[in-house]
Amino acid sequence: MNNGHRIVVLGAGYTGMFSAIRLAHRTRRTGVKITLVNPSSRFVERLRTHQIAAGQELADHQIPGLLAGTGVTFVQGAATAIDPEARQITVDGAETLEYDTLVYALGSSTDTSKVPGADIHTFTLNNPEIAGRFAEQLTEIAKVGGTVSVCGGGLTGIEAATEIAESHPSLNVTLISLDEPGGMMGAKARAYLYRALDHLGVTLETGARVTKVLSDAVELADGRLVHSDACLWTTGVKVSPLAADAGIATDDRGLILVDATLRSVSHPEIHAVGDAAAVRLSWGQIHGTCQSGLPTAQYTADTIARLLRGKAVKPFRFGYFHQPVSLGRRDAVIQFTRADDTPGRWYLTGRAAVAYKEMVSGSPLKTYRLSKHLNVTTIVSKGGRATRKLAA
């Protein structure tokens, strides 16, 4: 029994929510007290935020409702300080929460601080409210056939550009990217992606580094100005400075340095998951996606439950499996990958890919509901021989 053992989970994104719910199931009838802290009471489906930016309405999932029946206490507020020596969390600068075990799941957001003007003249997909304001502006711009730019050719930028172009065919949409959009995919999947962009009328500006964002244009390194009535910024990532400010060991980006069991190397009672953790495996460091985040949450919940029972813990193992990309509501491309996220031989397109992508986007909420009663797995691949050798 662990009567009174206090577990605090910071952040109720995909990983924090899964950690809390799975922990509640794995520690039921042990007396463990779990508290989930998040600034908003709404659970944000980050995989779908680009749909809000294009003007679509999504379901409003409330965190207390998702936690119903788990016994997890929800505290609405922002964690403003961590005292790892006293094992205390300050919420909104006032309330204090004490913990014996901390799950750090604060995630990441789009960074607009690196390019002049980006913090003033662009919108992001950091939360539904900002995406909603961008959608309102798009509606007005579409009436006059204006121009919209999307900066960043990663998967988020691609999904946003295609969603906007499909939802507002009168708009001129420009996707601006330093790297080749879809560059992580195989040649055939990438060729399909380019055909879809062309079909939707999305203009590409590749190999273009943005040096400044103006109120009506995006300035490129070669001096050209790309006219833009509204700009969506999807490139660059930052994490909360909370861990570094608290003296918890982090890398140069602020991610918590963890050992093979995803525990802080400086404070073992702190477990970091998802975008907040610097997780290195035999093939390299994992990057922040829901695909890798949910397995870290699952592993961490199981690890804490085992530690509380005095059982041994095996190292974390994970391998990537796919790169699912929506291209509006009626098209998609799925690149299946090797464990290190390099493209494999197989890919999927068209209606089958749309159904596949929808299954992926909707799976977290289904996982949460099932996890109240079952130990549902989100790990498709453990990385094969390389991570098996490391674990041994």
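An unreviewed UniProt entry annotates the protein as NADH dehydrogenase FAD-containing subunit originating from Nonomuraea muscovyensis. Heading Cofactor (unreviewed entry) of the UniProt record for the protein holds this comment: "FAD". The heading Sequence similarities (unreviewed entry) in the UniProt record of the protein holds the text "Belongs to the NADH dehydrogenase family."

Attention shifts here to the pattern of salt bridges. Using the criterion set out here, one finds 15 salt bridges in the structure. Asp60 is the partner of Arg42 in a salt bridge, and the nearest nitrogen-oxygen pair spans 3.7 Å. Pair noted here: Arg42 is in strand β3 (residues 42–43) and Asp60 is in the loop between α2 (49–53) and β4 (61–62), with a separation of 18 residues, a long-range link. Ionic pairing is found between Glu166 and Arg330, a salt bridge with its closest N-O pair at 3.7 Å. Within this pair, whereas Glu166 is found in helix α6 (residues 155–167), its partner Arg330 is found in the loop between β24 (322–326) and β25 (332–337), the two being separated by 164 residues in sequence. Among the charged side chains, a network of salt bridges with common partners joins Arg6, Glu98 and Asp100.

With that out of the way, let us pick up unusual backbone geometry. You will see that Leu262, though not glycine, has its phi angle at about 65 degrees, which is positive. Note on placement: Leu262 falls in the loop between β19 (256–257) and β20 (270–272). Assessed through its relative accessible area of 1%, Leu262 is described here as buried. In this model, Asp341 sits at a positive phi of 75 degrees, which is unusual for a non-glycine residue. Note on placement: Asp341 falls in the loop between β25 and β26 (343–349). Asp341 gets classed as buried once you look at its relative accessible area, which sits at 15%.

The first and last C-alpha atoms of helix α9 (residues 290–308) sit 27 Å apart over 19 residues, in line with the 27 Å expected at 1.5 Å per residue. With respect to burial, α9 is a largely interior element, 16 of its 19 residues being buried. Gly310 sits one or two residues past α9 and shows a positive phi near 75 degrees.

Reading the values: the criteria
Residues numbered from 1 in each chain as written. Predicted model: local features only at pLDDT ≥ 70, side-chain atom pairs only at ≥ 80, totals over all residues. Heavy atoms only, no water. UniProt positions renumbered as here; feature names shortened; annotations may be inferred. Salt bridge = Lys/Arg side-chain N within 4 Å of Asp/Glu carboxyl O. Helix = DSSP H or I, 4+ residues; strand = E, 2+ residues; numbered from the N terminus. Buried < 20%, exposed > 50% of the residue type's maximum accessible area, 1.4 Å probe, protein only. Expected span 1.5 Å × (residues − 1).

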